[in-house]
Amino acid sequence: MADGHIVYGFHAVISRLRQHAASVQEIYLDATRNDVRAQDLTKLAESHAVRIMAVDGKRLDGLTGHARHQGVAARVLAMQLKHDLDDVLGGISGPALLLVLDGVQDPHNLGACLRVADAFGVHAVIAPKDRAVGITAVVSKVASGAAETVPYITVTNLARTLRELKDSGIWIIGADEHGTTGLYDSTLKGALAWVLGAEGEGMRRLTREHCDELVRIPMNGSVESLNVSVASGVCLGETFRQRALQEKK
């Protein structure tokens, strides 16, 4: 079963079972766990005819690289999500909503961004192939299933991709502390893509220059900036709110 990879933690494993059970090859469960959570997972796995193997903690540590696995891991097949931007855009009904991450390298941040993207209906997350973490077991665990529901598209040239999005009629908005417009004063309607930069560095100069608009998140505390996943949640949440109001009109 070398063609599979490992996901771990109850959220990640249960989410994969519920959404894509056919991709789960086998589950490894700590033999000492007999609590309600473990029992529910066992019943769910049995309902999908997925084999559960009772193993010791050392086996789980080895499978997960000593990560915080909560006593459960699963070997799964890679999901065949749409990873071609044209395919994703062609399958969207209604205005597109995209999240572009310029060089996010922390797996916890990427996982949290995917989770936020799933919560607010983002059609795809786009990132450069270089200077980006990619989907790892840690990302999948933090994403709590969103890594299997939101297409994560890597591109060779981010600036060129932004130009192509513009040509498709998508408005490019960069979240930047020096933005001329405040988030809550901006109009977030139609097809758009939010662009956020990497931890500590922000967007690269060329990426910033390809944005149609730069928007800042109003800050009223002592911190100067927000974590990229938190900033994504704030921007996407406001987009969701404004779209919901527009639909009611």
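Reading guide: rules and limits
- Residues numbered from 1 in each chain as written.
- Predicted model: local features only at pLDDT ≥ 70, side-chain atom pairs only at ≥ 80, totals over all residues.
- Heavy atoms only, no water.
- Pairing = 2+ DSSP bridges.
- Helix = DSSP H or I, 4+ residues; strand = E, 2+ residues; numbered from the N terminus.
- Contact = heavy atoms within 4.5 Å.
- Axes fitted to C-alpha atoms, helices over the stretch in contact; angles between N-to-C directions.
- Salt bridge = Lys/Arg side-chain N within 4 Å of Asp/Glu carboxyl O.
- Buried < 20%, exposed > 50% of the residue type's maximum accessible area, 1.4 Å probe, protein only.
- Patch = residues over 30% accessible without salt bridge, like charges linked within 9 Å, V, L, I, M, F, W, Y side chains within 5 Å.
- Areas by Shrake-Rupley, 256 points an atom, 1.4 Å probe, with all protein chains shown as cover.
- Lys, Arg positive; Asp, Glu negative; His and termini not counted.
- Charge placed at Lys NZ, Arg CZ, Asp CG, Glu CD.

(A) Highlighting the sheet that holds strand E11 (residues 213-216). Across the sheet, which stays open at both edges, the seven strands sit in the order E7-E6-E5-E10-E8-E11-E9 with parallel pairing between neighbours. Looking at strand neighbours, the two that pair on one side only are strand E7 (152-155) and strand E9 (181-182), the edges of this open sheet. The pairing of E9 with E11 spans two bridges and is classified as parallel. Directly across from Gly 182, in E11, lies its bridge partner Arg 216. Where helix H5 (residues 107-119) meets the sheet, its contacts fall on strand E5 (97-102), strand E6 (124-128) and E7, and the angle it forms with E5 comes to roughly 170°.

(B) Broad picture of the pattern of salt bridges. For the coordinates displayed, the defined rule picks out seven salt bridges. Asp 212 is paired through a salt bridge with Lys 166; the nearest N and O atoms lie 3.5 Å apart. Here Asp 212, found in the loop between helix H8 (205-209) and E11, pairs with Lys 166, found in helix H7 (residues 158-167); they are 46 residues apart in sequence, far enough to count as distant. Overall, the relative accessible area of 29% leaves Lys 166 in the partly exposed class. Note that Glu 238 is salt-bridged to Arg 241, the shortest N-O span being 2.8 Å. Highlighted residues: Glu 238 and Arg 241, both in helix H9 (residues 228-248), separated by three residues, approximately one helical turn. Looking at Glu 238, the relative accessible area reads 5%, which means it is buried.

(C) Region of the structure containing a negative patch on the surface. A contiguous patch of negative charge, built from Asp 84, Asp 86, Asp 87, Glu 164 and Asp 167, is present on the exposed surface. Looking at the negative patch, the elements that each hand over two or more residues are helix H4 (85-90) and H7. With respect to the helices, strands and loops of the structure, Asp 167 is situated in helix H7. According to the relative accessible area criterion, Asp 167 is exposed, its value standing at 71%.

(D) Structural view of a nonpolar patch on the surface. Taken together, the side chains of Met 219, Val 223, Leu 226 and Val 230 define a hydrophobic patch exposed on the protein surface, amounting to about 310 Å² of accessible area. Checked against the element boundaries, Val 223 lands in the loop between E11 and H9.

(E) Focus on the sheet that holds strand E4 (residues 72-76). Overall, mixed pairing links the four strands, which are arranged E1-E4-E2-E3 in an open sheet. The outermost strands of the open sheet, each flanked by one partner alone, are strand E1 (5-8) and strand E3 (51-55). For this sheet, the mean angle separating the axes of adjacent strands, direction not counted, is 25°. Where strand E2 (residues 24-30) and E4 come together, five bridges link them in antiparallel fashion. Paired with Val 24 across the bridge in E4 is Val 76. Along the sheet face, helix H2 (residues 36-47) touches E2, E3 and E4 and points at about 155° away from the line of E2. Strands E1, E2, E3 and E4 of the sheet are contacted by helix H3 (residues 57-64), whose axis makes an angle of about 135° with E2.

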